Amino acid sequence: MALISQSIPNLINGVSQQPPSLRLNTQAELQENGLSNVVTGLSKRPSSQHIADLGVINNIDKAFIHTIRRDENEFYSMVVDTAGTIKVFDKDGVSKTVTNNAASYLSGLTDPSQELAAVSIADTTFILNKNTVVAKGTNTSPSRNPEALVYVKQADYSSTYRLKLTKGASTSTVEFATKSSTQSSTSLTQNAERGASTDLIAENLDTFSGSIVNVTYYDNITDGATVTGLTLTRYGSVIHIQSDDTTNFTVEVGDSHGGDHLLLFKTETADFKKLPTEGPVDFNIKVSGDNQKAQDDYYVKFTADGVWKETIEPNIIIDLDATTLPHKLAKQPDGSFIFDEVSYADRRVGDDGTNDFPSFIGYTLADIFFHRDRLGVLADENVIFARAGEYVDFDFFRKSTLTIVDSDPIDVAVSSNKVSILKHAVPFNEALLLFSDLTQFKLTADPVLTPETVNIANTTEFEASLRAKPAQAGKFVYFASKRGAWSGMWEYYVDTDTDTNDATESTAHVPEYLNGDVTNIQASSNEDMLLVQTDNDPEALYVYRYYWSGREKLQSSWSRWVFDGDVIGCSFNRADITLLIKRGTNLYLERINLSVDDATNYTTGQFSIHLDRRVQLETAGLTTVPYVDAATIYIDQTGNVINLVDVAGKLAGSEIVYAGIPYTFKYQFSEPVVKQANQPVTTGVLNLRNYAVVYNNTGFFEVDVTPSRRATYNRKFTGRIVSGAANILNRAAIDSGTYEFGILAKSDKVSIVLKSDSHLPCVFQSAEWEGFYVLRSRRM
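Residues numbered from 1 in each chain as written. Predicted model: local features only at pLDDT ≥ 70, side-chain atom pairs only at ≥ 80, totals over all residues. Heavy atoms only, no water.

**Some words on the overall build of the chain**
Alright, step 1. For the chain, the count of helices and strands is 4 helices and 59 strands.
Alright, step 2. What you see for the chain is a C-alpha radius of gyration of 40 Å, clearly larger than the 28 Å of a compact globule of 780 residues, by over 25%.
Alright, step 3. Taken over the C-alpha atoms alone, the chain extends approximately 140 × 75 × 40 Å along its principal axes.
Alright, step 4. Counting all 780 residues of the chain, 51% fall into the buried class.
Alright, step 5. Here the contacts in the chain between residues at least 6 apart in sequence split such that 62% fall between residues at least 24 apart. (Helix = DSSP H or I, 4+ residues; strand = E, 2+ residues; numbered from the N terminus. Rg over C-alpha atoms; globule rule 2.2 N^0.38 Å. Buried < 20%, exposed > 50% of the residue type's maximum accessible area, 1.4 Å probe, protein only. Contact = heavy atoms within 4.5 Å.)

Below, the structure written as structure tokens:
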């Protein structure tokens, strides 16, 4: 029998569900309400501070929670309940006025937490209803009665010009010939010259009254009778012919030069360059595309500026139904909010073939995001981006069908041999990571995101549980997976050696730890922390702490934080965690500060106070606890528990009193295993003799030693050590040192738990055990 010892260098690697022989010495069997930190060690988690009672929220368990973070000092909590009511609270829990001008968009919700998505950009939050099918609008492009242009492009001597109009049973023709340039007198020569002008020819072709004007200028004149239902208007050398109603008509033109002098434009033309420089405003005509130039058909109209401008086909739907698209919650200058429809630009050019509606028409939208100066949405297997750089009238249509510009909208589908319905989009490593249930895609573009440079590649195929949106932290994206009644978490990253994407499971050593479906994932790169909520454990937050040194992960710690109510939502703001906690029918706003506890500024000895729902009572501020809870206790500045009746006296003496609810920290050591050369030795028997833990700035903790089939042995550390410097009368003793306690049990037949339900801090940095180890044989 040999007396041996082994050091546990730190206690910061959280829980492991592996067999004890495979665990790290620094991993535990259980850790609740503990905070693992590579600098300070294992401590009791910081307390939650009561901010405000937010009142009653309908069906709060199903409410949609979104944090509007304008900057580090101004952020809001938005709550949407099943009735579609939007409530916004600032960081102090003050309710802001919300004017709902589009309540119908949020009607019919049954589980807003799953049916809504949101993204915030500065003072505007875009809210997406995943149940709403996106539709076209009902507005159409301008429609004009049938019309045509007859353009007298050239004029010449001894030439014939003819115009024939037919509408219904009414037909009429005007025809005449210009005179020869050779005449017998000066006056006749002048008449011939005048008759060979384009504007005068147009003036005579415009006459369907049986009376040709300027007959002396022409030969062989055929008068045209009036054609019922047509209006003719001349613009210089151009004749505009338009039906008085929607009934169509026919036009025939002819000249003695093979059609080079008299041009007809009606409905469509093959040559844009031949269009006249005069005409009626808003005359619309289709220009046939050029196959050799890979040019589509397009439409042009004549403007008041005297130019032809690209336009849209007449009488087609031009708008999106804004009532079915994401809406916006906008912060106003007075601090209130207005919920209203978003303005979406109309289709202005082309037709259904050359500038069709976005692919989300007829589908519900799954997610909304902002990436590379573009608002984007997911619909089925497509990613759709609005025009770049526009924040008011979001535009999902091209501005020209003749050319593609870099800022044009983007509509692209993923390509896979599986059905890949996209659920979430997360900006990642200068790209956009797209998640479906079975596949991950990466949308990239170099150097800028344009319709010509966009590319989507199938990168990895991990089965994902996408009830919670994946969260990005630094160079990682965290997403959930499902395994029966439990969930797992994965770290998605770029492998710099191979320049490929990959993912590793951060819960591989705790496969049955996250209880139920993951409903919320929040990540902080500042704190190297991940917060996970599940549906089967609403009173808890699962906390993942990690630490990388270069390419080596030195910490991978899972633990569980437990509260006295259901955690409805959580989010990070720098070193703060904002919590929305349901107790009874009310929702409470609370905050956990992960950096420095402000109580250290006021307590004698500068120690932290660990009470949930903590409030600070003082004469010039809050003097009573703003909630009712029978478990509330009161702590003075010396760290002593005082009675409620003594609080008033303390405040009258300008002292500060802390009030709140105690909560319990627990840490169960893993079963000690003897190892040689880092390999477990399992043939011997280890009888534990004692443990020693190194503590720092600690005021209280307990040790429960429970051998198999024996009663629990409890030891308490109070910080009061005889002749210790911290052992001062009437003041909490906060001490640092080593605490040793006996075990006297087999290593695999005993439970060793550190715990503390005190308001005083406890911090543990390392441990060591001693025991007698017996081998049945000697190793060779």
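**Details of the sheet that holds strand β8 (residues 86-90)**
In any sheet, the strands associate via hydrogen bonds between backbone groups, in a parallel or an antiparallel arrangement.
Alright, step 1. One open sheet holds the 4 strands; their spatial order is β6-β7-β8-β9, and the pairing between them is antiparallel. For this open sheet the edge positions go to β6 (64-71) and β9 (95-96), each flanked by a neighbour on one side alone.
Alright, step 2. Strand direction decides the pairing type here: strand β7 (residues 74-80) and β8, joined by 5 bridges, are antiparallel. Pairing of Met 78 across the sheet is with Val 88, part of β8. (Pairing = 2+ DSSP bridges.)

**Topic: the side chain of His 610**
Alright, step 1. For His 610, the location among the structural elements is in the loop between β46 (586-593) and β47 (612-617).
Alright, step 2. At a separation of 3.0 Å, a polar atom in the side chain of His 610 contacts the main-chain carbonyl oxygen of Arg 45.
Alright, step 3. Here His 610 is in contact with Lys 44, Arg 45, Pro 46, Ser 47, Tyr 663, Ser 758, His 759, Leu 760 and Pro 761, once residues within four sequence places are set aside. (Polar contact = N/O pair within 3.5 Å; in protein donor to acceptor, adjacent residues only side chain to side chain.)

**Regarding the nonpolar core**
Alright, step 1. Ranked by internal contacts, the top residues of the largest apolar core, which has 40 residues, are Met 78, Ile 86, Leu 106, Leu 320, Leu 329 and Phe 360.
Alright, step 2. When contributions to this core are tallied by element, the ones reaching two or more residues are β6, β7, β8, β11 (116-121), β12 (124-129), β26 (337-340) and β28 (374-379).
Alright, step 3. Among the elements that take part in this core, β11 stands out by supplying 4 residues, more than any other.
Alright, step 4. Judged by nonpolar contacts, the second largest core, of 30 residues, contains Leu 11, Leu 42, Leu 688 and Cys 762. (Core = buried A, V, L, I, M, F, W, Y, C linked by side-chain atoms within 4.5 Å.)

**Notes on the sheet that holds strand β31 (residues 424-428)**
Alright, step 1. Strand order in the open sheet formed by 4 strands is β31-β32-β33-β34, and the pairing between neighbours is antiparallel. Bordering the open sheet on either side are β31 and β34 (455-460), each of which pairs with just one other strand. This sheet shows a mean twist of 30° between the axes of neighbouring strands, independent of strand direction.
Alright, step 2. Taken together, the 5 bridges between β31 and strand β32 (residues 431-435) define a ladder with antiparallel strand orientation. Residue Pro 427 lies in a different strand from β32, and its bridge partner there is Leu 432. (Axes fitted to C-alpha atoms, helices over the stretch in contact; angles between N-to-C directions.)

**Notes on a nonpolar patch on the surface**
Alright, step 1. Together, Val 38, Val 39, Tyr 547 and Leu 554 make up a nonpolar patch on the protein surface, roughly 360 Å² of accessible area in all.
Alright, step 2. On the secondary structure map, Leu 554 appears in strand β43 (residues 552-562). (Patch = residues over 30% accessible without salt bridge, like charges linked within 9 Å, V, L, I, M, F, W, Y side chains within 5 Å. Areas by Shrake-Rupley, 256 points an atom, 1.4 Å probe, with all protein chains shown as cover. Salt bridge = Lys/Arg side-chain N within 4 Å of Asp/Glu carboxyl O.)

**Side note on the packing of aromatic side chains**
Alright, step 1. Tallied over the entire structure, the rule returns 39 aromatic pairs.
Alright, step 2. Both rings, one in Tyr 478 and one in Tyr 544, keep their centres 6.5 Å apart while their planes meet at 70°; by these two values the pair is edge-to-face. Taken together, the positions of Tyr 478 in strand β36 (residues 476-483) and Tyr 544 in strand β42 (residues 540-549) put the pair 66 residues apart, joining distant regions of the chain. Accessibility classification places Tyr 478 together with Tyr 544 in one group, the buried group.
Alright, step 3. Taking the centre distance of 6.2 Å and the plane angle of 55° together, the rings of Tyr 695 and Phe 701 count as tilted. (Phe/Tyr/Trp six-rings, centres within 6.5 Å; stacked < 30°, edge-to-face > 60°.)

**Comments concerning unusual backbone geometry**
Alright, step 1. Between Asp 446 and the following residue, Pro 447, the backbone shows a cis peptide bond with an omega angle of 5°.
Alright, step 2. You can see Pro 447 is positioned in the loop between β33 (440-444) and β34.
Alright, step 3. Even without being a glycine, Arg 709 presents a positive backbone phi close to 65°.
Alright, step 4. Residue class for Arg 709 comes out exposed when judged on its relative accessible area of 86%.

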